[in-house]
Each structure stands twice: as C-alpha cells, then as structure tokens.
Amino acid sequence: MLSAKSESDITSLAPSSPSRSPKRPVYYVQSPSRDSHDGDKSSSMQATPIYNNSPMESPSHPSFGRHSRNSSASRFSGIFRSSSGRKGSRKRNDKGWPECNVIMEEGAYDDLQDKAFTRRCQAMIALFSFVLLFTTFCLIIWGASRPFKAEITMKSLAVNNLYIGEGSDSTGVVTKMLTVNGSLRMNIYNPATLFGIHVSSNPVNLIYSEITVASGQLKKYYQPRKSHRTVSVNLEGNKVPLYGAGSSLSVSSSDRVVPLTLKFQIRSRGDVVGKLVRVKHQKQISCPLVIDPSSTKPIKFKKNSCTFE
C-alpha cells in the first residue's frame, strides 16, 4: 500500500513538474522592532523574505502581493507603537488606527504680522538714524569750511586810452562822450586746506556819475587749495554818452582829470563733499579812482583804497 501510494503520487506530480520553474533559494532577514524591549521576541521579530530578481519574483507578480502588504503594514504600524513597546498602549479611533499627536504651529498669524511690522519699524529707524547722522556730519563739515573765504588783493589799473569828446547818440541827441580802454590786475588767494574753489564774477564796471563807461568780465576758473593766482580783466567802453553827467568835464583843458569808481563782485564756490556740501562766498568790491588822461602809468591800489563787503 505504501509503495503504491507513493508511486501514484509521483506519477501525478510528474507531468506538472516541467512547467514550474526551479525554485531559487530564499533568504530571510529578521529585523527587530521597537517591541524588542518588551521581551516578547515571538511577536517583535518578523521574517522578511528576500528573493533574487527574476520575472516571476518581481514585486508586480500577484503571488507576492500579500507579502508586500504585510511588510508595508508592519512598517507603518511600527511607527505608531508606543515607546514602552506595547501595542495596545495607544488609543485607537473608529477605524482601528492608532491616534497620534498633531504638531501645532507655534504662534498665531497676528504674531507674525506684529513681527513684520516691528522689522519694518526697525528698518525705518535705522534709515532715519543714518540720514540724521550723515546730515549732522555734513553740517559740521559745512560749518568748519565757512571761515575759508577767498582773499582778494587789488594790484593795479592800467588805462591805455581815455578820450573825452562830443557827439550824438543813436537818437541824434548831442552830448559829451567818453571812451576808455584799460586792464585791471588783482590777486586771489584760496586759504582752504581741504578743497579748491571755483572763482567767477559779475561784470567789472568803471562808473562815472552812476553811468557805466567801461566794463569787463572775469573768466570763470578753478583754483586749487592753498594757492595764489593773479588774474586780469580787460575793460572797454567806446563813445559812451554822458548826457547831463558830463557837463562838468572839459574837452579842451589839458589838466583835466576824470573821477571814476571801480565796482564789481567776486564769487567763489567750494565743493567740500561733492555737490552735497558746498561753501559759497561773495565779496562786493568798490575802488574810487581819479584818472589823468595824459598819464599812461598804471594806477596802483593802496591797501585801504578799496572797500570789501
């Protein structure tokens, strides 16, 4: 009986054996879970089979679906186990899943708005402080640079031609006329130690009884710090009608003199900190003169012959 049964079993299994692929060795890896502290090794140890890669043993094969679900379920359930190692220590919800704590965000939305508003206020305060400090610095530099004014010394006035005659103006009115040609020399000193200056002037006028009989213009230039410079201005006036002011002038007298007044304004500008801090000064100069038409010698100015305002 025994031998017959074994032979029938062998014959029944023989046809199906060629269709099956040869089985390959299966390796099991035991991974301890968090429940190993409990001492229950039978429940905490789980064997996970590792198969060699083959088309039949791929994860997509339906024969291994149960194993994949079991392994994923075991890994997922291991996360929710308590630190004590016991499975039933956590409360479960209606569906049987263990409850877990929810991480709450620290602070409310209003607190975030307050922090943003505080940062904006701090930025505005820092900007305002910087502007205030820079403005204070510029004011200090400006105040320290104010005393450095350009010093002007009048040198001489050379009159090349002075002619008094009679004629008529553009409207035909007969009157006395005055023609003057000359050259004015002066020295300008920049006492500033930190900056140079830009020097210019308004028209330089020779005035006879409130009538301008000759004028000239100082060309604008730049003068370095702690430096001297001698400049000259050409004065010209051609047949300027005097009208009633020339009644006291004699045309034919050889000993006649002409009283004139030299008036002009010198302007200086120093760029201390670029265009942000500028120091500006101006001086009004007035020099009374008496010119002899018969003399060609330059008129030298004395120290107190001119007024500076």
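Up top is the structure these notes are about.
Small disclaimer: the values here were computed from a predicted structure and weren't measured. The numbers attached to residues start from 1 for each chain and follow its sequence in the written order. Where totals are concerned, whole chains, interfaces and linings use all residues; where local detail is concerned, this predicted model gives features only for residues with pLDDT of at least 70, and gives and counts side-chain atom pairs only at 80 or more. Calculated side-chain values reflect all of the structure's heavy atoms, with hydrogen atoms and water omitted.

### Brief notes about the state of the cysteines
The criterion for a disulfide is a pair of cysteine sulfur atoms lying within 2.5 Å. The tally for this structure, following the rule as stated, stands at one disulfide. Between the sulfur atoms of Cys 287 and its disulfide mate Cys 306 the distance is 1.9 Å. The chirality of the disulfide connecting Cys 287 with Cys 306 is right-handed, given an S-S dihedral of about 120 degrees. Within this pair, whereas Cys 287 is found in strand S11 (residues 277–291), its partner Cys 306 is found in the loop between strand S12 (299–300) and strand S13 (307–308), the two being separated by 19 residues in sequence. Secondary structure elements are defined from DSSP: runs of H or I of at least 4 residues count as helices, runs of E of at least 2 residues count as strands, and each element is numbered from the N terminus.

### A look at the pattern of salt bridges
Note on definitions: salt bridges are taken to be side-chain nitrogens of Lys or Arg within 4 Å of carboxyl oxygens of Asp or Glu. Applying the stated criterion to the full structure yields two salt bridges. Between Arg 269 and Asp 271 there is a salt bridge, with its nearest N and O atoms 3.3 Å apart. Categorising residues by exposure relies on relative accessible area from a 1.4 Å probe, with only protein chains included: less than 20% of the type maximum marks a residue as buried, more than 50% marks it as exposed, and the intermediate range marks it as partly exposed. In this structure Asp 271 comes out as partly exposed when scored by relative accessible area, which is 26%. Among the salt bridges present, the one from Asp 271 reaches Arg 278, with a minimum N-O distance of 3.1 Å. The class of Arg 278 is partly exposed, set by a relative accessible area of 29%. In the salt-bridge network here, residues are joined through shared partners; they are Arg 269, Asp 271 and Arg 278.

### A short note on the environment of Leu 194
Along the chain, the position of Leu 194 falls in the loop between strand S4 (174–190) and strand S5 (197–201). Taking the C-alpha atoms as reference points, Leu 194 and Lys 226, separated by 32 residues in sequence, lie 8.8 Å from one another.

### Quick look at the packing of aromatic side chains
Only the six-membered ring of Trp is used, alongside the rings of Phe and Tyr, when aromatic pairs are assigned; centres must lie within 6.5 Å, and planes under 30 degrees apart are stacked while those over 60 apart are edge-to-face, with the rest tilted. One pass over the full model with this rule turns up one aromatic pair. Judged by centre distance (6.3 Å) and plane angle (20 degrees), the rings of Phe 130 and Phe 134 are stacked. Taken together, the residues span about one helical turn, with Phe 130 and Phe 134 both in helix H4 (residues 109–145) at a distance of four residues. Phe 130 gets classed as exposed once you look at its relative accessible area, which sits at 56%.

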